[in-house]
Amino acid sequence: MYVIVVGGGKVGYYLAKSLGEEKQEVLIIEQDAQRCRALSDELGVNVMQGDGCEASTMEEAGMGRADVVVAVTGDDEDNLVVCQVAKQKFNVARTVARLNNPKNEKIFRKLGIDVTVSSTELILSQIERVIPAQPLVHLLSLRNVGVSFVELEVLPGSPAEGRPLRELGIPDDCIFPLVIRGGDQAIIPYGDTELQVGDHVVAVTSEASADTLRRILRG
Amino acid sequence: MRVVIVGCGRVGAQLARLLLADGHQVTVVDKDSASFGRLGSDFAGEVVLGTGIDEDVLLRAGIEEAAALVAVTSGDNTNVMAAQVAKEIFGVPKVICRVDDPLREEIYRSLGLETICATVWQANHIRESLEGRGAGGEPCM
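The residue count restarts for each chain, going from 1 along the sequence in the order it is written. To label them, take the chains in the order written and letter them from A, then take the ligands in the order written and number them from 1. Selection of residues for local features in this predicted model requires a pLDDT of at least 70, selection of side-chain atom pairs for listing and counting requires 80 or more, and totals for whole chains, interfaces and linings are taken over all residues.

(A) Spotlight on the overall build of chain B. In DSSP terms, a helix is any run of H or I states spanning at least four residues, a strand is any run of E spanning at least two, and both are numbered starting from the N terminus. Each helix and strand in chain B was counted, giving five helices and six strands. Starting at the N terminus and walking to the C terminus, you meet the elements of chain B as β-α-β-β-α-β-α-β-α-β-α. Atoms considered for the radius of gyration are the C-alpha atoms alone. The globule rule reads 2.2 Å times the number of residues to the power 0.38. Computed over C-alpha atoms, the radius of gyration of chain B comes to 15 Å, within 12% of the 14 Å expected from 2.2 N^0.38 for 141 residues, which places it in the range of a compact globule. In terms of overall dimensions, chain B has C-alpha extents of about 45 × 35 × 25 Å along its principal axes. To sort residues by burial, count the other C-beta atoms lying within 10 Å of each one's C-beta; a count of 20 or more means buried, 12 or fewer means exposed, and anything in between means partly exposed. C-beta atoms are built from the backbone. A buried classification covers 37% of the 141 residues belonging to chain B. For every residue pair, C-beta atoms are placed from the backbone, and the pair is scored as a contact if these atoms sit within 7 Å. For chain B, contacts bridging at least 24 residues in sequence account for 46% of all contacts bridging at least 6.

(B) Representation of the sheet that holds strand β4 (residues 68–71) of chain A. All names here are of chain A. Two strands pair under a simple rule: DSSP has to find at least two bridges between them. Strand order in this open sheet of six strands is β3-β2-β1-β4-β5-β6, and the pairing throughout is parallel. Of all strands in the sheet, those with a lone pairing partner are β3 (46–49) and β6 (115–118), marking the two edges. Within this sheet the neighbouring strands show an average axis-to-axis angle of 20°, counted without direction. Here strand β5 (residues 94–99) runs beside β6; their pairing, made up of four bridges, is parallel. Bridge pairing in β6 places Leu99 opposite Ser118. Strands β2 (25–30) and β3 of the sheet are contacted by helix α2 (residues 33–43), whose axis makes an angle of about 175° with β3. As a rule, the C-alpha atoms of each element are fitted with a line to give its axis, helices using only the stretch in contact, and angles between N-to-C directions run from 0 to 180 degrees.

(C) Seen up close, the nonpolar core. Note on terminology: a nonpolar core is a set of buried residues of type Ala, Val, Leu, Ile, Met, Phe, Trp, Tyr or Cys, with members joined through C-beta atoms within 7 Å. Grouped together as the largest cluster of nonpolar side chains are 68 residues, with contacts concentrated most on A:Val5, A:Val69, B:Ile5 and B:Leu69. By size, the runner-up hydrophobic cluster in this structure holds twelve residues, among which are A:Val150, A:Phe176, A:Leu195 and A:Ala210.

(D) Structural context of the interface of chain B and chain A. Taken together, the contacts link 16 residues of chain B with 18 residues of chain A. For the side of chain B that touches chain A, the elements supplying multiple residues, two or more each, are α3 (76–89) and α4 (102–110) of chain B. Ranked by residue count, the leading element in the side of chain B that touches chain A is α3(B), at eight residues. Residues are grouped as follows: Ala, Val, Leu, Ile, Met, Phe, Trp, Tyr, Cys and Pro are nonpolar; Asp, Glu, Lys and Arg are charged; every other residue, Gly included, is polar. Residues that form the side of chain B that touches chain A fall into these classes: eight nonpolar, three polar and five charged.

(E) Up close: the sheet that holds strand β10 (residues 185–187) of chain A. Residues and elements named next belong to chain A. Taken in spatial order, the five strands of this open sheet run β7-β8-β11-β9-β10, and their pairing is antiparallel. Unpaired on one side and paired on the other, β7 (136–142) and β10 mark the two borders of the sheet. For this sheet the average axis-to-axis angle between neighbouring strands, irrespective of direction, equals 20°. As paired elements, strand β8 (residues 147–153) and strand β11 (residues 200–206) share seven bridges and run antiparallel to each other. Looking at the pairing, Glu153 lines up with His200 of β11.

(F) Fine view of the packing of helix α4 (residues 76–90) of chain A against α3(B). It is at 8 Å that the axes of α4(A) and α3(B) come closest, and there the two elements cross at 80°. The angle between α4(A) and α3(B) falls in the class roughly perpendicular. Along the contact surface, α4(A) presents A:Glu77, A:Asp78, A:Leu80 and A:Val81, while α3(B) presents B:Asn77, B:Thr78, B:Val80 and B:Met81. Each residue belonging to the contact of α4(A) with α3(B) can be placed in one class, and the counts come to four nonpolar, two polar and two charged. Should an angle fall under 35 degrees it is taken as roughly parallel, and over 145 as roughly antiparallel, whereas 65 to 115 is taken as roughly perpendicular and any remaining angle as oblique.

(G) Spotlight on the environment of B:Ser33. Position of B:Ser33 among the secondary structure elements: in the loop between β2 (25–30) and β3 (46–49). For the pair B:Ser33 and B:Gly50, spaced 17 residues apart in sequence, the C-alpha to C-alpha distance is 8.6 Å.

(H) Fine view of helix α7 (residues 210–218) of chain A. All names here are of chain A. All buried positions along α7 are accounted for by Ala210, Leu213 and Leu217. Within α7, the buried residues cover an arc of 60° as seen down the axis, which keeps them to one side. Structural note: α7 exposes Asp211 and Arg215 on the side pointing more than 90 degrees away from its buried face. Looking at the buried side of α7, the elements it contacts are β7, β8, β9 (174–181) and β11. What the arc measures is the spread of directions leading from the helix axis to the C-beta atoms.

(I) Expanded view of the environment of A:Lys23. Checked against the element boundaries, A:Lys23 lands in the loop between α1 (10–21) and β2. A:Lys23 sits 148 residues away from A:Pro171 along the chain, and the two C-alpha atoms are 48 Å apart.

(J) Structural view of α3(B). Residue and element names in this part refer to chain B. Taking 1.5 Å as the rise per residue, α3 with 14 residues should run 20 Å; its terminal C-alpha atoms sit 19 Å apart, in good agreement. Most of α3 sits inside the fold, with twelve of its 14 residues counted as buried. Turning to α3, its buried residues are Asp76, Asn77, Thr78, Asn79, Val80, Met81, Ala82, Ala83, Gln84, Val85, Ala86 and Lys87. At the C-terminal side of α3, Gly91 shows a positive phi close to 60°. Multiplying one less than the number of residues by 1.5 Å gives the expected span of a helix.

(K) Just the pairing of β4(A), in detail. Residues and elements named next belong to chain A. As judged from the four bridges shared by strand β1 (residues 2–6) and β4, these two strands associate in the parallel manner. Paired with Val5 across the two strands is Val70, which belongs to β4. Sheet analysis places β4 next to β5, joined by four bridges and oriented parallel. Each bridged residue has a counterpart across the sheet, and for Ala71 the counterpart in β5 is Ala97.

Function cannot be inferred from these measures alone, as they are strictly geometric.
Written as structure tokens, this is what we have:
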């Protein structure tokens, strides 16, 4: 597999290192000449100096035969352009972009970037796990189908407390496959199940309904 | 009409003043507050500090009511991203973006963006002027 990594910062460095260890063919494109030398000396992978957003650099890098292009510079706009040009001009099958602003995920997806990774978002989801006042934790996002697995805790004063699920007005594109009570009891709920304070509800929801769900359980 | 201009360099500031003089409502976005000095002390439009590729910044600039967005920062990638956010996310009816790299311009034009490449335009004009054909021809965009 031929992987082109655009951006030779820390993310690019460790990515290329890991891929190199897996015996994949890797090329890093980096603008800074000094950084290029350091990467090449340390990693022993192919490094090319140049602007990874320029079609001529991409051509020289053999973008046309790349299986995956990963854009991990520190600027979202650069990562977007790398992936768009790779897709449009060189027909690269899989493009992966690093995002700094998690809100850019929507536009990247709309513009055809296959995968986005946002460290801001990942760290945020870890913080959400430990802040009790935050009742919705993203467990998993299946972006291609617009569905998320989320976990919500029923807090004191929640409008859902003590009411059967069927009365809560849960959106059609959302189901509750599991309720965890007292930390160790797994309940497969049905319409008559009444939620209690402290219950952890695991929900499968469309991204559009996540906010509605939050309102129903939080008020 | 209401126009959002991303980038308050020479081009952006000049355009803002021209549009304002024509009676349009203008909001200029730039990440560097010092750049707003180019607009002059009598500038009657609005300015918003921030990067034009950030949805929240564009919302503050009134993108939802804008009839047009023009992206003219010195960064090609910033311009094409701002333009695509305006077009795809906010559905702004008229979006124009500056792309100085001719190759990138070609790609984004083929993707349906309305682009202006000052590099090609200037080179053509200078050639026409040198070869005695005058500079009055059609701008090559």
